[in-house]
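# Tertiary structure, described
Here's the letter readout for the chains.
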Amino acid sequence: MTPVDPLLSSTPLLDFRHPSLAALIADRGWGTLPLHDRIGAIYDFVRNEIDFGYNRADDIPASEVLDDRYGQCNTKGTLLMALLRAVGVRCRLHGFTIHKALQRGVVPELIYPIAPAEILHSWIEVETEAGWVDLEGFILDTPFLLALQRSFPETRSLCGYGAGTDCLSAPPVGWTGESTYIQKTGIARDFGTFDNPDMFYEHHRQAFGPLRDWIYRHLIRHWMNARVRAIRAGRLPSVPGLSRPNHGHEEASRAA
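Residues numbered from 1 in each chain as written. Predicted model: local features only at pLDDT ≥ 70, side-chain atom pairs only at ≥ 80, totals over all residues. Heavy atoms only, no water.

For the protein chain, the name recorded in an unreviewed UniProt entry is Transglutaminase superfamily protein, with Salipiger aestuarii as its organism.

To continue, consider the overall build of the protein chain. When helices and strands are counted, the protein chain shows eight helices and eight strands. Radius of gyration (C-alpha) of the protein chain: 18 Å, near the 18 Å computed for a compact globule of 256 residues. The principal-axis extents of the C-alpha atoms in the protein chain amount to approximately 75 × 40 × 30 Å. Per-residue burial for the protein chain yields a buried fraction of 52% across its 256 residues. Considering only contacts in the protein chain between residues 6 or more positions apart, those separated by 24 or more positions represent 70%. (Helix = DSSP H or I, 4+ residues; strand = E, 2+ residues; numbered from the N terminus. Rg over C-alpha atoms; globule rule 2.2 N^0.38 Å. Buried < 20%, exposed > 50% of the residue type's maximum accessible area, 1.4 Å probe, protein only. Contact = heavy atoms within 4.5 Å.)

Overall, the coordinates contain ten salt bridges when judged by the stated rule. We note a salt bridge from Asp 59 to Arg 205, for which the minimum N-O separation is 2.7 Å. Residue Asp 59 is located in the loop between β1 (51-52) and α3 (62-68), and its partner Arg 205 is located in the loop between α6 (197-203) and α7 (210-232); the two are separated by 146 residues in the primary sequence. A salt bridge links Arg 104 to Glu 109; its shortest N-O distance comes to 2.8 Å. One network of salt bridges, in which partners are shared, links Asp 5, Arg 90 and Glu 127. (Salt bridge = Lys/Arg side-chain N within 4 Å of Asp/Glu carboxyl O.)

As a further point, take the UniProt feature "domain: Transglutaminase-like" (unreviewed entry) in the protein chain. In the numbering used here, UniProt assigns the feature "domain: Transglutaminase-like" (unreviewed entry) to residues 37-135. In residues 37-135, the share of helix is 33% and the share of strand is 29%. The end C-alpha atoms are 15 Å apart. (UniProt positions renumbered as here; feature names shortened; annotations may be inferred.)

Attention now goes to the packing of aromatic side chains. Applying the stated rule across the entire model yields eleven aromatic pairs. Consider the rings of Phe 191 and Phe 200, whose centres lie 6.4 Å apart with planes at 50 degrees: the pair is tilted. Its relative accessible area of 24% is what places Phe 191 among the partly exposed residues. Owing to a relative accessible area of 0%, Phe 200 belongs among the buried residues under this scheme. Taking NZ or CZ as reference, Arg 92 lies 3.8 Å from the ring centre of Trp 132, over its face. If you follow Lys 100 out to its NZ or CZ, it ends over the ring of Tyr 112, 4.6 Å from the centre. (Phe/Tyr/Trp six-rings, centres within 6.5 Å; stacked < 30°, edge-to-face > 60°. Lys NZ or Arg CZ within 6 Å of the ring centre and 35° of its normal.)

A separate point is the packing of helix α5 (residues 142-151) against α7. Interhelical geometry of α5 versus α7 gives an angle of 65 degrees and a closest axis separation of 8 Å. Classed by the angle they form, the pair α5 and α7 counts as roughly perpendicular. Contact residues: Pro 143, Phe 144, Ala 147 and Leu 148 in α5; Val 228, Ile 231 and Arg 232 in α7. Residue classes in the contact of α5 with α7 are distributed as six nonpolar, no polar and one charged. (Axes fitted to C-alpha atoms, helices over the stretch in contact; angles between N-to-C directions. Parallel < 35°, antiparallel > 145°, perpendicular 65-115°, else oblique. Nonpolar A, V, L, I, M, F, W, Y, C, P; charged D, E, K, R; others polar.)

Both faces of the sheet carry side chains from a regular strand, because those side chains alternate between them. Burial analysis of strand β3 (residues 91-99) places seven of its nine residues in the buried class, the great majority of the element. Direction of pairing for β3 relative to strand β4 (residues 118-128): antiparallel, over a ladder of nine bridges. Each residue of the ladder has a partner; that of Phe 96, found in β4, is His 121. One ladder, built from six bridges, connects β3 with strand β8 (residues 187-194); its direction is antiparallel. Across the sheet, Leu 93 pairs through a bridge with Phe 194, a residue of β8. (Pairing = 2+ DSSP bridges.)

Two strands in a sheet stick together by hydrogen bonds in their backbones, pointing the same way (parallel) or opposite ways (antiparallel). Judged by pairing direction, the sheet is antiparallel, and its four strands sit side by side in the order β5-β4-β3-β8 without closing on themselves. Pairing within the sheet leaves two strands with one partner each, and these edge strands are β5 (131-135) and β8. Across the sheet, the axes of successive neighbouring strands diverge by a mean angle of 25 degrees, strand direction being ignored. Against the sheet, helix α2 (residues 35-48) touches β4 and β5, its axis set at about 155 degrees to β4. Strands β3, β4 and β5 of the sheet are contacted by helix α4 (residues 73-86), whose axis makes an angle of about 20 degrees with β4.

Following this line, the structure appears as structure tokens:
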């Protein structure tokens, strides 16, 4: 009997046999594409057809992320892994934490001082014909990223509003067969690789505590998602110490 490849297996979180995922894969025809195009098509779907946003928890199944139609690094990564494995692409999770400064602007200023200093983070590693590459650039959808670029046209390095990059004008987020990144410069701790997200969350969870977890699920994340929608529409909340280079130009124009 052929042993099951742990990097292709389904799990409770990587539930790629769920009817909604199976129907999506069949409808898009991803399984018939060459490997490079197969990875790219699924990557582009998760990046731009699943908006950046905050789900009720990190450890939710891929089918729930698909149903929500939004997610963040961890939840969009779960969906990406499930879809890739469903079409025979080997992948694994690499776990980290990021500094909370990366989330400033998305996290309301009233909440920011009591937010955990480090936030659970992950990216996906996928096996291509040329070897393993990192996939992190799928986190921010294109309209959201464009809004940041338009608001900071003269800024090269940004750590805030959900982005952590030293090349804001042209971050490596498009699929080319190479690694992609959009939050890498905010990384604090490296937990290594895991065969699946289920294993990762068995060992690492966001340190909220029961009360703060309830408040996050039922109140704060909805507030954060409203701020994400405002940012996507070009209305960036003010962040102390993080100036917008074009803001002064706009004020000068209005004054004139």
